[in-house]
Each structure stands twice: as C-alpha cells, then as structure tokens.
Amino acid sequence: MFKILKMLEYSFNLATRAIYFAFMFISFYGCFILDPSIPEGELTRISRISVIVVSTFLVVEYILIKAFDGYAIGMKRTREIVISMCAATLLTDCFVFVQLCVMCKSIVSVPLLISAIALQVAITVIHTKIANVLYHHISPPKSLLIIHGNEASMEAVRKKLKKYQNRFRIKKIMRYDEEMLHRSIRAHSAVMLVDVPADKKIYILKYCYKRDKQVYYVPDVADLLINNAHHELIDD
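Here's what I pulled together on the structure shown here. Residue numbers run consecutively from 1 along every chain, following the written order of its sequence. Selection of residues for local features in this predicted model requires a pLDDT of at least 70, selection of side-chain atom pairs for listing and counting requires 80 or more, and totals for whole chains, interfaces and linings are taken over all residues. Calculation of side-chain values draws on the structure's entire complement of heavy atoms; hydrogens and water are dropped beforehand.

## Considering the overall build of the protein
Each helix is a run of DSSP H or I of at least 4 residues and each strand a run of E of at least 2, with the numbering of both proceeding from the N terminus. When its secondary structure is counted, the protein shows eight helices and four strands. Starting at the N terminus and walking to the C terminus, you meet the elements of the protein as α-α-α-α-β-α-β-α-β-α-β-α. With respect to the three principal axes, the spread of C-alpha positions in the protein is 75 × 45 × 30 Å. The buried label applies to any residue whose accessible area, calculated with a 1.4 Å probe on protein chains only, is under 20% of its type's maximum; exposed applies above 50%, and partly exposed to all values in between. Buried residues in the protein amount to 38% of all 236 residues. Contacts are assigned to residue pairs with any non-hydrogen atoms lying within 4.5 Å of each other. Look at the contacts in the protein between residues 6 or more apart in sequence, and 75% of them connect residues 24 or more apart. Carbon and sulfur atoms form 64% of the exposed surface of the protein, whose accessible area is close to 14400 Å². If you average the places of the 30 positive and of the 21 negative side-chain charges in the protein, the two averages end up 8 Å apart. Exposure was quantified through the Shrake-Rupley algorithm and a 1.4 Å probe, taking into account, for residues, occlusion by the shown protein chains and nothing else. Charge convention: Lys and Arg are scored as positive, Asp and Glu as negative, and His as well as the terminal groups of each chain are ignored. Charge coordinates come from a single atom per side chain, which is NZ of Lys, CZ of Arg, CG of Asp or CD of Glu.

## Some details on empty space enclosed by the protein
The method works on a 1 Å grid over the protein atoms by themselves. A cavity is a set of points holding a 1.4 Å probe that cannot get out, a pocket is an open set with protein on both sides within 12 Å along at least five of seven lines, and residues with an atom within 4 Å of a point line them. Grid points are joined across faces, edges and corners, and a volume is the space filled by probe spheres set on the points. The final tally for this structure, using the stated rule, is one cavity of 30 Å³ or more. In this structure, the largest cavity encloses a volume near 40 Å³. Every residue lining the largest cavity is listed: Gly74, Met75, Tyr135, His136, Ser139, Pro140, Pro141, Lys142, Asn166 and Arg167. For this scheme, ten residues count as nonpolar: Ala, Val, Leu, Ile, Met, Phe, Trp, Tyr, Cys and Pro. Four count as charged, namely Asp, Glu, Lys and Arg, and the remainder, Gly too, count as polar. Across the lining of the largest cavity, the residue classes tally to four nonpolar, four polar and two charged.

## Focus: helix 4 (residues 110-138)
A rise of 1.5 Å per residue sets the reference length of helix 4, with its 29 residues, at 42 Å; its end C-alpha atoms lie 41 Å apart and thus fit the reference within 8%. Residues of helix 4 that are buried include every one of Leu113, Ala116, Gln120, Ile123, Thr124, His127, Thr128, Ala131, Asn132, Tyr135 and His136, and no others. Identification of polar contacts relies on pairs of N or O atoms within 3.5 Å, with a donor-acceptor requirement for protein atoms, meaning one able to donate a hydrogen and the other able to accept it, and with residues adjacent in sequence counted only if both atoms are side-chain atoms. Between the side-chain oxygen at the start of helix 4 and the backbone nitrogen of Leu112 there is a gap of 3.3 Å, and the oxygen is on Ser109. A helix is expected to span 1.5 Å multiplied by its residue count minus one.

## Examining helix 7 (residues 198-210)
The end-to-end C-alpha distance of helix 7 is 19 Å, a good match for the 18 Å that 13 residues give at a rise of 1.5 Å each. Among the residues making up helix 7, those that are buried are Lys201, Ile204, Tyr207 and Cys208. The arc enclosing the buried residues of helix 7, seen along the axis, measures out at 130 degrees, which places them on a common side. Of the exposed residues in helix 7, the ones pointing more than 90 degrees away from its buried face are Asp199, Lys206, Tyr209 and Lys210. Think of the arc as the fan of directions from the helix axis to the C-beta atoms.

Written out as structure tokens, the structure is:
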C-alpha cells in the first residue's frame, strides 16, 4: 500500500509539474507573439529565435526551480512554494527577455514582460493552492511515530509539527530504548528521530530502511560536516 501511495504521489507531482511548466511558458511566449518589435512570424513558426526562446526558457526555468527547491507540492506551505516559484520564474523571464532583445537587435516591449510576469504570478498562486489541496486528498497525513532521547527537545518538535497537520498525524511518542520499538516502527508509516544517540540512530535508520519507512530527523553537527565535506573515491 505504501509503495502504491508513493507511485501516486510521484505521478501527481510529475503531472502538476508539467502543467505548471506549460502554463509558465505559454504565459511568457503568448505575450510576445504579437509584439511588433519582433520580426513578423519569428515566434509563430519554427525559426532560430523561436527554438532558442523555447529551449532557453524551459532549461533555465527547470534549473532555477531546482536551485530554489521551489516545486515542493505537499512538502511546504503554499506561501513558501509560491515565493520560490515566482523568484525562479521572474529570473527566467528576465534572462529570456534580454536574450530576445539581443536576437531582435532592439528592445522588445517591456509592458508585455510586466504583463507576462503578473499573469505568471497569478497562475502560480492558483496552481499551487489547487495542487496542494489535491495532493493532500491523494496522500492523507502519515501516521507518525516520534522516537526521542530528550523530553524537552521532543516537546519543541511536537509543537512545530502542529503547523503540518495536513502532512503528519502523531500517533505515538516513545523513547529509543523502549522494548516495543520494533513493533511500533512497523505499525507506522513514518518515523521521526529527536535527540537519539548516534549509535541508536544509525541502527533505527537501517531498520526503517529495511521496512521501507519514511524517516525524518534533525541533523547534528557530525551530519552537517559529512554532508558538506568533499567526497573522494579511493578504491572501488
């Protein structure tokens, strides 16, 4: 059942991402088709300008959205997603606009650029809200098990999770050294580790991986150092 839900989530994200890209591109491209400063027919047929504009927009938009971690439907709140997506789209529009001006050897319509951006912002807000609502209908809140080693830290995390009730339902809270640990992990779809000793955390992570459970934890200093370290392969 968990694998089926993951496939549904992946398919939904893929579909909504494709729809969003299409809307962003059509909003930008459509605004400049009738611009008199662009040579007639250059954007309405396959030409050097149209091919470059299409390819550049899609590639730059994709790279910037990935860089801003923007398309996180179901993972972030609507406002956070909208800000990231709008920032990525605005930079893409400006980049392609400058490129278009260079290819046309003149300044194309700035009001059209502003209109395209305004339309894209409106579409982004509407699309993100609808996509988030649909995502949470397809993917119900995960039953969450919190495993902790410190009561104070656990309470702080529990309070923050109240903002994400559409993603998680805290079903059980327990210490890492309780006897029912394995059974409790198997009974929940997601596990969150809070201030668990390093050796126990590694053991629990391996166990969750074998059981195909989603795991969340706050990285400690050692995790941050390893993630930001230079990786070098010495031997295969």
